[in-house]
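Structure assessment
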Amino acid sequence: MDNTDEELVLSMLEKERQSGSSARLKRRSVIDRSREEGHRQLFNDYFSENPIYTDEYVRIGESSAVECLERFVRGVNEAFGVEYLRRPNTNDFEHLIQMGESRGFPGMLGSIDCMHWEWKNCLVALK
């Protein structure tokens, strides 16, 4: 390199130093996350012809699943126990009787199996 080229390079470096920018490229680290392998495994586990997991949504051990269920049950009890998770009282019975009567079922407490009723508006395809 002759003096002119060297002066030009030094001048450019000095300008970059003063402006705060850097001519050097910053290297980025690349982390191999094996995305293709993860996709293949997910597909084979859940969506292939013979999936390993059919009714499970996550891979957790039995003790973790039991712990989660117990926490869920405690949460439901704390949130709804006082109002819903108790024996029905007289007011509840009266309310259920009134609901049944308004729907054409006097004296009924609870649900009824309607599988044997004829449905006059049944779709032809279901008959």
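Preceding this paragraph is the structure being described.
Residue numbers here run from 1 along each chain, matching the order of that chain's written sequence. Since the coordinates come from a predicted model, pLDDT governs what is reported: local features require at least 70, and pairs of side-chain atoms require 80 or more to be given and counted, while whole-chain, interface and lining totals use all residues. As a convention, hydrogens and water are excluded, and side-chain values are obtained from all of the structure's heavy atoms.

With that settled, the discussion passes to the overall build of the chain. A run of DSSP states H or I qualifies as a helix once it reaches four residues; a run of E qualifies as a strand once it reaches two. Both are numbered from the N-terminal end. Scanning the chain for helices and strands turns up four helices and zero strands. The secondary structure elements of the chain, listed N-terminal to C-terminal, are α-α-α-α. Note on exposure labels: buried denotes an accessible area under 20% of the residue type's maximum, exposed denotes more than 50%, and partly exposed covers the range between, all computed with a 1.4 Å probe on protein chains only. In the chain, which comprises 127 residues, the proportion classed as buried is 5%. In the chain, the share of contacts with a sequence separation of at least 24, taken over all contacts with a separation of at least 6, comes to 0%. In what follows, a contact means two residues having at least one pair of non-hydrogen atoms within 4.5 Å.

A word on the packing of aromatic side chains. Working definition: a ring pair exists when centres of Phe, Tyr or Trp rings (six-membered ring for Trp) sit within 6.5 Å. Plane angles under 30 degrees give stacked, over 60 give edge-to-face, the rest tilted. Counted according to the given criterion, the structure contains two aromatic pairs. The interplanar angle of 40 degrees and the centroid separation of 6.4 Å between the aromatic rings of Phe-43 and Phe-47 together place this pair among those described as tilted. Take Phe-43: its relative accessible area is 41%, and that puts it in the partly exposed class.

This paragraph deals with helix 4 (residues 90-102). In this analysis, the expected span of each helix is defined as 1.5 Å times one less than the number of residues it contains. With 13 residues, helix 4 should reach 18 Å at 1.5 Å per residue; the first-to-last C-alpha distance of 18 Å fits that figure. A 3.5 Å cut-off defines polar contacts: any pair of N or O atoms within that distance qualifies, except that in protein one atom must be a possible hydrogen donor and the other a possible acceptor, and neighbouring residues in sequence count only when both atoms are side-chain atoms. Its side-chain oxygen at 3.1 Å from the backbone nitrogen of Asn-91, Asn-89 defines the N-terminal cap of helix 4. Phi turns positive one or two residues past the end of helix 4, at Gly-104, with a value near 90 degrees.

Here, a salt bridge means any Lys or Arg side-chain nitrogen found within 4 Å of an Asp or Glu carboxyl oxygen. One pass over the structure, following the stated rule, counts three salt bridges. Between Arg-40 and Glu-37 there is a salt bridge, with its nearest N and O atoms 2.5 Å apart. Here Arg-40 and its partner Glu-37 are both found in helix 2 (residues 35-46), three residues apart, which amounts to about one turn of the helix. Overall, the relative accessible area of 43% leaves Arg-40 in the partly exposed class. Glu-37 gets classed as partly exposed once you look at its relative accessible area, which sits at 38%. The closest approach of N and O atoms between Arg-86 and Asp-92, which form a salt bridge, is 2.6 Å. Residue Arg-86 is classed as partly exposed on the basis of its relative accessible area of 37%.

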